[in-house]
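Summary of structural features
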Amino acid sequence: MHFTGEHILSVKQFNRDSIAHIFHTANQMEPYALRTKRTNVLDGAILGNLFFEPSTRTRVSFGCAFNLLGGEVRETTGMQSSALAKGESLYDTARIISSYSDVIAMRHPQSGSVQEFANGSRVPVINGGDGANEHPTQALLDLYTIEKELAAHGQHINGMHIAMVGDLKYGRTVHSLSKLLCLYKNIRFTLISPNELAMPQEVVDTIANAGHHITITDQLAGHLEADIVYQTRIQEERFPSQDEANKYRGKFRLNQAIYTQYCKSNTVIMHPLPRDSRSDANELDNDLNLNPNLAIFRQADNGVLIRMALFALTLDVADKVTQYECEVPWHRSR
Ligand code: CP
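None of these values were measured; they are calculated from a predicted model. What you see as residue numbers is a count from 1 along each chain, following the sequence as written. Totals for whole chains, interfaces and linings use all residues, but because this is a predicted model, local features are given only for residues with pLDDT of at least 70 and pairs of side-chain atoms are given and counted only at 80 or more. As a rule here, side-chain values cover all heavy atoms of the structure and leave hydrogens and water aside.

Some points on helix α7 (residues 172–181)
Only protein chains enter the accessibility calculation, which uses a 1.4 Å probe; a residue whose area is less than 20% of its type maximum is buried, one above 50% is exposed, and one in between is partly exposed. The helix count covers DSSP runs of H or I at least four residues long, the strand count covers runs of E at least two residues long, and both are numbered beginning at the N terminus. Among the 10 residues of α7, 10 are classified as buried, and the element is accordingly described as predominantly covered. Looking only at α7, the buried set comprises Arg172, Thr173, Val174, His175, Ser176, Leu177, Ser178, Lys179, Leu180 and Leu181.

Observations concerning unusual backbone geometry
Of note, the bond from Leu273 into Pro274 is cis; its omega dihedral lies within 30 degrees of zero at 5°. Along the polypeptide, Pro274 turns up in the loop between β10 (268–270) and α11 (296–314). Positioned with a positive phi, Phe3 is a non-glycine residue whose angle comes to about 75°. Relative to the helices and strands, Phe3 resides in the segment before α1 (16–28). Phi at Arg35 takes a positive value of approximately 65°, unusual for a residue other than glycine. Turning to its location among the elements, Arg35 is positioned in the loop between α2 (30–33) and β1 (38–39). Of the residues examined, Arg35 reaches a relative accessible area of 25% and is grouped as partly exposed.

What to know about empty space enclosed by the protein
Lining residues are defined by having an atom within 4 Å of a point belonging to a cavity or pocket. Those points lie on a 1 Å grid over the protein atoms alone, cavities being sets where a 1.4 Å probe fits but cannot get out and pockets being open sets with protein on both sides within 12 Å along at least five of seven lines. Grid points are joined across faces, edges and corners, and a volume is the space filled by probe spheres set on the points. In total, this model carries two cavities of 30 Å³ or more according to the counting rule given. Counted as a void, the largest cavity has a volume near 120 Å³. Forming the boundary of the largest cavity are 17 residues, of which Ile234, Tyr248, Arg249, Gly250 and Glu283 lie nearest the centre. Top element by residues in the lining of the largest cavity is helix α9 (residues 242–246). It accounts for three residues. Counted by class, the lining of the largest cavity contains six nonpolar, six polar and five charged residues. Think of it as three bins: nonpolar holds Ala, Val, Leu, Ile, Met, Phe, Trp, Tyr, Cys and Pro, charged holds Asp, Glu, Lys and Arg, and polar takes everything else, Gly as well.

Printed below as a string of structure tokens:
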């Protein structure tokens, strides 16, 4: 993958070399993300940030990442506030917004919609999540987090054991992450979900064809002795009805007592967030907040680094970031 001017729509575009290149670039973004330095390398560039489905982390971190590189962000949120609500096609919207922007990040509730949009765009489009299909930038930041967290324990992604928990049917982050992990060797996957919310067969087949070991179960007990536990939210917005989604809410709660009973002492807990903290769901209990192995906030922080790296590579400024560096004059509280 050359990155410059390319759309980023699916994890299928990446290989181990391109991932290493993204992660190396992300590491270089740390001083800017931590505000110890500034860079204006994207001064004058515009990000079109189009989110037609709710988002906190992805939308804001795309915007922050672009601002941290010195660029400007123009944003639209929600279907009703865009001309899509008047019947405009994704193709026409893309033709218009791409003449206003240098790069576009987009989220949309339909699978394949971001690809359809990219077909009409004259600038690179980055997929911020298309329905239950893919969330490639989340998968990259998840992989980056896994690599860092395991390295802190002297471990590597090759040979690790990951337990994915919850809504594996509609959870696009586990689909994308599983496909990326197929680029590595000898991983043990434990897929824990209600039978009705099992990982799609196509993803299971991809994992199996990569030579990884898979256990599929609907039980938490006895299956959490993993290096990584990746918890997910019941994706209620993708269910045919709220009543249907409610059947599964709170089925796989993880709290400190369960962690102590079933996990290893250094099992890393991840979640793409948002975690459903309503009392009838409580996917990751607040009593885990002081557990040093709860990596969810480090994981979200890494999203800024990865998205900065993708902008720098797509707009071909990765090697110019330091050249446009300047001081940070304001007080930093972090
Ligand atoms: N992880 C993630 O996609 O979060 P948001 O829905 O808040 O963007």
